[in-house]
Amino acid sequence: MTKKDSARHFVATWPKNRYLCGMTHDQLLFRPAAEADLGRIMEIIRAAQARMRARGSSQWQNGYPAATDIRRDIERGYGHLLAEAETGLTVAYGAVLFEGEPAYEAIEGRWLTTGPYVMVHRLAVAEERLRQGGARRFMQRVEALALTRGIGSFRVDTNFDNAGMLALLAEAGFVRCGEIRYGAEHREAFEKVLRRQ
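Read on for an overview of the structure. This is a predicted model, so every value here is computed, not measured. (Residues numbered from 1 in each chain as written. Predicted model: local features only at pLDDT ≥ 70, side-chain atom pairs only at ≥ 80, totals over all residues. Heavy atoms only, no water.)

**Some thoughts on unusual backbone geometry**
Okay, so step 1: For R122, which is not glycine, the phi dihedral falls at a positive 60°.
Okay, so step 2: Structurally, R122 is set in strand β5 (residues 118-125).
Okay, so step 3: Here the phi dihedral of R131 falls at roughly 60°; this positive angle occurs in a residue that is not glycine.
Okay, so step 4: Looking at where R131 falls in the secondary structure, it is placed in the loop between β5 and α4 (134-148).
Okay, so step 5: The exposure class assigned to R131 is exposed, which follows from its relative accessible area of 79%. (Helix = DSSP H or I, 4+ residues; strand = E, 2+ residues; numbered from the N terminus. Buried < 20%, exposed > 50% of the residue type's maximum accessible area, 1.4 Å probe, protein only.)

Set out below in C-alpha cells:
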C-alpha cells in the first residue's frame, strides 16, 4: 500500500469524530490499527528488530513479532497506532490490552496495585520519527484511553538491555516491580498508577 493509499484508507475509515482521533499540537492521531496498515507496521517492526540487533540486544531476535502476531493484534482489537494527521502515515505501533497477561500473575516481586490494568506489548516507532517523542506520545494516549475506561493502572515489561524503553519508562513515572518470565526469558516488569490530571 502506498502512502497515498494509506492516507485515503485512514480518512475514509477513521473520521475525526470517531474514537480517540482528535488532533494534538503535533498533528498525530491515535487510532485502532486495520488490516490495511499491516505492511507499514511490519516495516516499523523490522527496523526496530534491526536496531536492537545492532545494539546487541537479544529482544525481538527470534522472529517475534511476526506478521501473524500483528495480524492477530488487529483481529482482536489490540493493535493501535499513531499516524500523521495530514498523510495518515503510521509513525508508531503498539498492542494495547485490557484483558490481563497470565505471566504477570507470577511476578517475582510485587505489583503496586491489584485491580484491572492496561498494558502495552510490541511498541515500536518508525525509524524517521526516533527521538521525536513518538513512543512517549503513544504511551500518553494509552493512559488517556485507560482512564476513560476507569482503569487506574498501566503495566509493561521489557528486556533488561532495552535501554530506550527503560529510559522511556523512567521518564514517564513507571516503577520497577520485579521480573516476569515468558518461558525461559526474563523481562523487567513496571507499573504506573494512573490519575486524572
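**Notes on the sheet that holds strand β1 (residues 28-32)**
Okay, so step 1: Strand order across the open sheet formed by eight strands is β1-β2-β3-β5-β6-β8-β7-β4, with mixed pairing between neighbours. Strand pairing shows two members of the sheet lacking a second neighbour, β1 and β4 (108-109), which therefore form its edges.
Okay, so step 2: Here five bridges tie strand β3 (residues 90-97) to β5, and the two strands are oriented antiparallel to one another. The partner of A92 across the bridge, within β5, is V125.
Okay, so step 3: Sheet contacts for helix α5 (residues 163-171): β5, β6 (153-158) and β8 (185-193); angle to β6, the most-contacted strand, approximately 160°. (Pairing = 2+ DSSP bridges. Contact = heavy atoms within 4.5 Å. Axes fitted to C-alpha atoms, helices over the stretch in contact; angles between N-to-C directions.)

**Topic: α5**
Okay, so step 1: Buried within α5 we find M165, L168 and L169. Here the buried residues of α5 occupy an arc of 95° about the axis, which is enough to place them on one side. Facing away from the buried surface of α5 by more than 90 degrees, the exposed residues are A163, A170 and E171.
Okay, so step 2: Of the residues trailing α5, G173 is marked for its positive phi of about 90°. (Arc of directions from axis to C-beta.)

**With respect to the environment of R31**
Okay, so step 1: Mapped onto the elements, R31 comes out in strand β1.
Okay, so step 2: When the C-alpha atoms of R31 and G79 are compared, they prove to be 8.8 Å apart, with 48 residues separating the residues in sequence.
Okay, so step 3: Side chain to side chain, R31 and D37 meet in a polar contact 2.9 Å long. (Polar contact = N/O pair within 3.5 Å; in protein donor to acceptor, adjacent residues only side chain to side chain.)

**Examining a nonpolar patch on the surface**
Okay, so step 1: Taken together, the side chains of L112, V175 and V193 make up a nonpolar region of the molecular surface, amounting to roughly 210 Å² of accessible area.
Okay, so step 2: Along the chain, V175 turns up in strand β7 (residues 175-182). (Patch = residues over 30% accessible without salt bridge, like charges linked within 9 Å, V, L, I, M, F, W, Y side chains within 5 Å. Areas by Shrake-Rupley, 256 points an atom, 1.4 Å probe, with all protein chains shown as cover. Salt bridge = Lys/Arg side-chain N within 4 Å of Asp/Glu carboxyl O.)

**Notes on the nonpolar core**
Okay, so step 1: Ranked by internal contacts, the top residues of the largest apolar core, which has 28 residues, are I41, I45, I70, W111 and I180.
Okay, so step 2: Looking at this core, the elements with two or more residues in it are α2 (38-55), α3 (67-76), β2 (79-84), β3, β5 and β7.
Okay, so step 3: For W111, the residues in contact, after removing those within four places along its chain, are Y104, R155, C177, I180, A189, F190 and E191.
Okay, so step 4: Within the second largest apolar cluster, 26 residues are counted, among which are L147, L168, F190 and L194. (Core = buried A, V, L, I, M, F, W, Y, C linked by side-chain atoms within 4.5 Å.)

**Here we look at the pattern of salt bridges**
Okay, so step 1: According to the stated counting rule, one finds 15 salt bridges in the structure shown.
Okay, so step 2: The salt bridge partner of E128 is R40, with a shortest N-O separation of 2.6 Å. In this pair, E128 is assigned in the loop between β5 and α4 and R40 in helix α2, connecting sequence segments 88 residues apart.
Okay, so step 3: Classification of E128 by relative accessible area gives partly exposed; the value is 45%.
Okay, so step 4: For K192, the salt bridge goes to E143, with nearest N and O atoms at 2.8 Å. A residue pair is termed long-range when its members are at least 10 positions apart, and K192 in strand β8 and E143 in helix α4 qualify at 49 residues.
Okay, so step 5: Its relative accessible area of 17% is what places K192 among the buried residues.
Okay, so step 6: For E143, a relative accessible area of 16% translates into the label buried.
Okay, so step 7: Each of the salt bridges in this network shares a partner with another, and the network as a whole consists of R40, E43 and E128.

Purely geometric numbers; function is a separate question.
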